[in-house]
Amino acid sequence: MHFSPDTSPLLQGLNNEQAAAVTLPQAHALILAGAGSGKTRVLTTRIAWLMQTGQVSPGGILAVTFTNKAAKEMLTRLSAMLPVSVRGMWVGTFHGLCNRFLRAHWKLANLPQSFQILDTQDQLSAIKRLSKQFNVDDERFPPKETMRFIAGCKEDGLRPKDVVARDPDDRKRVELYELYEAQCQREGVVDFGELMLRSYELLRDNDPLREHYRRRFQHILVDEFQDTNKLQYAWLKQLAGPVDQGGGAILAVGDDDQSIYAFRGARVGNMADFVREYNVMHQIKLEQNYRSFSNILDSANHLISHNKGRLGKNLHTTQGAGEPVRVYESPTDFAEAQWMVEEMKQLLRDGQNGDGTNGVQHRSEIAVLYRSNAQSRVIETALFNAAMPYRVYGGLRFFERAEIKHALAYLRLLENPRDDTSFMRVVNFPPRGIGARSIEQLQDASRAMGCAMSDAVTAVAGKAGANLSAFVAKIDVLREQTQGQNLRQIIELLLDHSGLITHYQAEREGQDRIENLQELVNAAESFVTQEGFGRDAVALPIDEHGQPLATDATAMPSEGELTRQAAPQTMINADTGETLSPLAAFLTHAALESGDNQAQAGQDAIQLMTVHASKGLEFDCVFITGMEEGLFPHENSMNDFDGLEEERRLMYVAITRARKRLYLSHSQTRMLHGQTRYNLKSRFFEELPEHTMKWITPARSAFADAMPSRRDAWQNNNGWQNNAWGGGAATAVAPKPVPQRAAPVTSGPNAWVRSGVQVFHTKFGEGAVISIEGVGDDARAQVNFPRHGTKWLALSVAKLTQV
DNA sequence: GGGTCGAGGCTTTTT
DNA sequence: GCCTCGACCC
């Protein structure tokens, strides 16, 4: 079959802009893809279309994403669209592709063939070890900060020699960076930043290699371009080549309004730079939204219009207005959570009765979003008490759990005895009589001898030395024994002989850990089958129309196989034919893909997550909670312009997750860091359009029973004036009449302010209220601050909290 | 070598 | 308020 470029069935159902993006010529282009505008569909259809129309072979495509999830999604959709093996295609995460590249060119990159990857935990312990060794004052140079410094340098493409140190402290950090690099090189390990940086440098410095890849990748597609950092953009430029010298074309897809990762080095500015540097002629905006009703979209549009310097974009939909955005004000975080649970129950009841408009069918279609993880606890408590199943995103991933890291450390030592980070992790775990003293001795010896710790054990004398030698001998024996065994056998043998299982059996709460360790065996097993280890890794040839040339039925993979072959790592390098041991490949996999974070995925449950974690997801019903000054926008971000704009984008992301229903809630008091805080409602409320919103008055009934101790708070809308629960005591308090003007009382959040009361001001600190004058919005308080003297503060403006 | 206790910290997160 | 890490003691 032959498809002419513009009648391909692939284009069916696409709107004009989407179709235009899919069928762009081979030239640099920027797609501004709004939330819910079918971005992934465009990306995958573009790739499929290019291949189907014979413009490129699978090998000529490079498609890069940020997460494994996105990469997998792309491959799955792709193989559903086209019967072509995706095996030879370079589709993956930045780090996954860099890993693939470095595995193929390990010699040129000056790495050992089976170099291992340090995750953030490993990196931190490597830096701690280094700091100790060089007697670094870790008060002055906390390892965490050093790690951020190093990662930041690498994100900017800077080696130690490139960093301009401004003061002695800076110089020290650069020195540590240099020492750290030397340590990693010696031990044959690379961190995440190093994967990127070294790939970039190799492309930059090796002309023939770079030219090879430039010729090869005719089409470079970048997902979430607004999240790229400086180095990632530079890496892309190496592959695409200079503007006028042909080579691959970059199709950058992104949304500047959804850029929420500045804190980890993302540069929205890359979008504008790209347009300028490559003189991008093709820019397409995808503004048609297929997700939400217009009340939700209008709210999002209106909010984000308060940001300056946007590339400019307005989402629209053909769906109707839908439900109003509901806003709820609560006296306490506890009551906020209670209200939410009641609302959820009602939604689910309506859903059960088949009311598709007002109800929600599944719990998993309800998401609770919050700005920071600390907020989840009170919500979890409420859900738990209501016996409502829920699932919290975030937290430890499978491959990050301590017991798994221990097992992996053993496996890494089998692969590479020089890996001191792994050595340190398990040399005395399970305990085998090797204390801190002996380890210190060993470190000194290894440094003096200039060799790995495992090669220096004979230098330690006495019983400790004997224990150390025994440990190394044990690892050596294991390495010997596992020769020629398959991955499953290796791991089982290791779990047995390392003593890990025995150790956890003796522990009171070790059962979960043992189960996880057994799960590791399963993970390895499915890794082996999914990666298709031992199979021919060469992509199937296709003809000029993108159809597979294979006539032999066995050579045509089934659809299932296509999906399975889609995994990003190859053990047999398709380009060089070099092989990596299954063990080394599995360890790489474990480092690059940290796995799911929670196992309880099976049950239909309410979804709890941070706003960040919600990016890319969608739900029928979304609750955005804790809409308060200091929380959202977060206090650490609300004082500078860029920070506030990013908070607003974050809010934009949060709003656009909702399909049908959106709730915003804020609480007048909140328990945070062990203190009750009095928060004003978020400024973002002022930036939302009135016509989409509906302020809900707290209904008395549901709470009167649930919270007898706080009933008086619900007496009327100004129940807030009553401070019966102001101290946050959980003990029951008999309802008291609302005090009527016991003192010159103001309405609103500072009602508790009266003379004699200790208050806290974010700028002036703690102080005592001397006097109060005025009522309502005009109310002012005279406060004596020990450090700043006496001040008159307008209560409607000053953020005073009770001490 | 392991358990207990106290201090400090505490946005967001993927690879 | 809660968790992590490190110091200190048995």
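Parameters at a glance
- Residues numbered from 1 in each chain as written.
- Chains lettered and ligands numbered in written order.
- Predicted model: local features only at pLDDT ≥ 70, side-chain atom pairs only at ≥ 80, totals over all residues.
- Heavy atoms only, no water.
- UniProt positions renumbered as here; feature names shortened; annotations may be inferred.
- Helix = DSSP H or I, 4+ residues; strand = E, 2+ residues; numbered from the N terminus.
- Buried < 20%, exposed > 50% of the residue type's maximum accessible area, 1.4 Å probe, protein only.
- Contact = heavy atoms within 4.5 Å.
- Expected span 1.5 Å × (residues − 1).
- Polar contact = N/O pair within 3.5 Å; in protein donor to acceptor, adjacent residues only side chain to side chain.
- Near = heavy atom within 4 Å.
- Nonpolar A, V, L, I, M, F, W, Y, C, P; charged D, E, K, R; others polar.
- Phe/Tyr/Trp six-rings, centres within 6.5 Å; stacked < 30°, edge-to-face > 60°.
- Lys NZ or Arg CZ within 6 Å of the ring centre and 35° of its normal.
- Pairing = 2+ DSSP bridges.
- Axes fitted to C-alpha atoms, helices over the stretch in contact; angles between N-to-C directions.
- Parallel < 35°, antiparallel > 145°, perpendicular 65-115°, else oblique.
- Left-handed = near helix turned anticlockwise from the far one by under 90°.
- Patch = residues over 30% accessible without salt bridge, like charges linked within 9 Å, V, L, I, M, F, W, Y side chains within 5 Å.
- Areas by Shrake-Rupley, 256 points an atom, 1.4 Å probe, with all protein chains shown as cover.
- Salt bridge = Lys/Arg side-chain N within 4 Å of Asp/Glu carboxyl O.
- Lys, Arg positive; Asp, Glu negative; His and termini not counted.
- Charge placed at Lys NZ, Arg CZ, Asp CG, Glu CD.
- Core = buried A, V, L, I, M, F, W, Y, C linked by side-chain atoms within 4.5 Å.
- Domains from an automatic or database assignment.

Let's shift gears to the UniProt feature "binding site: ATP" (unreviewed entry) in chain A. When the UniProt feature table is mapped to this numbering, "binding site: ATP" (unreviewed entry) covers Ala33, Gly34, Ala35, Gly36, Ser37, Gly38, Lys39 and Thr40. Position of glycine 38 relative to the elements: it lies in the loop between β1 (29–33) and α2 (39–52). What makes glycine 38 partly exposed here is its relative accessible area of 23%. By secondary structure assignment, the location of threonine 40 is in helix α2. Here threonine 40 is in contact with Glu73 and Arg77, once residues within four sequence places are set aside.

For helix α7 (residues 168–187), with 20 residues, the first-to-last C-alpha span of 28 Å sits near the 28 Å given by 1.5 Å per residue. Listed in full, the buried residues belonging to α7 are Asp170, Arg173, Val174, Leu176, Tyr177, Tyr180, Gln183, Cys184 and Glu187. Summarising the contacts, the buried residues of α7 are in contact with β4 (116–118), α5 (120–133), α6 (143–155), β5 (189–191), α8 (192–205) and α16 (420–426). Put simply, aspartate 167 is the residue that caps the front of α7, since its side-chain oxygen is 3.0 Å from the backbone nitrogen of aspartate 169. Trailing α7 by a residue or two, glycine 188 shows a phi angle of about 70°, which is positive.

The next subject is the protein's contact with DNA strand C. With respect to spatial proximity, the complete set of residues near DNA strand C consists of Lys128, Arg377, Met671, His673 and Gly674. Taking histidine 673, its main chain carries an N or O atom lying 3.5 Å from a base oxygen of DNA strand C. When its residues are assigned to classes, the surface near DNA strand C shows 1 nonpolar, 2 polar and 2 charged.

With that out of the way, let us pick up the packing of aromatic side chains. Per the stated rule, a full pass over the model turns up 22 aromatic pairs. For the pair tyrosine 213 and phenylalanine 217, a centre-to-centre distance of 5.8 Å together with 25° between the ring planes defines the contact as stacked. Here tyrosine 213 matches phenylalanine 217 in class, with each residue buried. Centre to centre, the rings of phenylalanine 398 and phenylalanine 399 are 5.2 Å apart; their planes meet at 75°, and the pair counts as edge-to-face. In this structure, phenylalanine 398 and phenylalanine 399 share a single accessibility class: buried. An aromatic cluster is defined as three or more aromatic residues linked by ring pairs; in this entry it consists of Trp90, Phe101, Tyr213 and Phe217. Looking at arginine 264, its charged tip hangs above the ring of tyrosine 261, at a distance of 3.6 Å from the centre.

In space, the 6 strands of this open sheet follow the order β3-β2-β6-β7-β1-β8, with parallel pairing throughout. The sheet is open, and its two borders are formed by β3 (90–93) and β8 (282–286), each paired with just one other strand. Taking the axes of each pair of neighbouring strands and ignoring which way they run, one obtains an average angle of 10° across the sheet. Relative to strand β7 (residues 249–254), β1 is paired through 4 bridges, and the arrangement is parallel. From the neighbouring strand, leucine 32 faces β7, where its bridge partner is glycine 254. Relative to the sheet, helix α4 (residues 94–104) contacts β2 (61–65), β3 and β6 (219–222), its axis offset from that of β3 by approximately 125°.

What follows is about the environment of arginine 425. Assignment of secondary structure puts arginine 425 in helix α16. For the pair formed by arginine 425 and lysine 405, sequence separation is 20 residues and the distance between their alpha carbons is 8.6 Å. The residues contacting arginine 425, other than those within four sequence positions of it, are Gln121, Ala402, Lys405, His406 and Ala409.

A few words now on the packing of α2 against helix α3 (residues 68–81). Running from amino to carboxyl end, α2 crosses α3 at an angle of 50°, the nearest separation of the two axes being 9 Å. Between α2 and α3, the angle is such that the two are oblique. α3 is crossed by α2, and the crossing has right-handed handedness. Only Glu73, Met74, Arg77, Leu78 and Met81 of α3 make contact with α2, whose side of the interface consists of Thr40, Arg41, Leu43, Thr44, Thr45, Ile47 and Ala48. Per-class residue counts for the contact of α2 with α3 are 6 nonpolar, 3 polar and 3 charged.

With that settled, consider a negative patch on the surface. Together, Glu507, Glu509, Asp512 and Glu515 make up a negatively charged patch on the protein surface. With respect to the helices and strands, glutamate 507 occurs in the loop between α20 (500–506) and α21 (511–531).

Leu62, Ile220, Trp235, Leu236 and Phe274 are the most contacted members of the largest nonpolar core, which has 60 residues in total. Counting residues per element, this core draws most heavily on helix α10 (residues 230–240), which supplies 7 residues. Both domains that meet at this core, namely domain 1 (9–106 + 197–286) and domain 2 (116–187), each give it at least three residues. Leaving out residues up to four positions away in the same chain, tryptophan 235 has contacts with Leu62, Phe94, Leu97, Cys98, Met196, Ser199, Tyr200 and Leu203. Judged by nonpolar contacts, the second largest core, of 52 residues, contains Ile439, Leu442, Ala524 and Ala590.

Right, let's get into the pairing of strand β9 (residues 325–332). Buried residues dominate β9, accounting for 7 of its 8 residues. Pairing between β9 and strand β16 (residues 693–696): 4 bridges, direction parallel. The residue of β16 that forms the bridge with valine 327 is tryptophan 695.

A word on unusual backbone geometry. Here phenylalanine 429 and proline 430 are connected by a cis peptide whose omega angle stands at -5°. If you trace the backbone, proline 430 turns up in the loop between α16 and α17 (436–449). A positive phi angle is found at asparagine 110, which is not glycine, with a value near 60°. Following the sequence through the fold, asparagine 110 ends up in the loop between α4 and β4. Relative accessible area serves as the criterion here: at 51%, asparagine 110 is assigned to the exposed category. One non-glycine residue with positive phi stands out, namely glutamate 224, at about 50°. You can see glutamate 224 is positioned in the loop between β6 and α10. On the accessibility criterion, glutamate 224 (19% relative accessible area) is buried.

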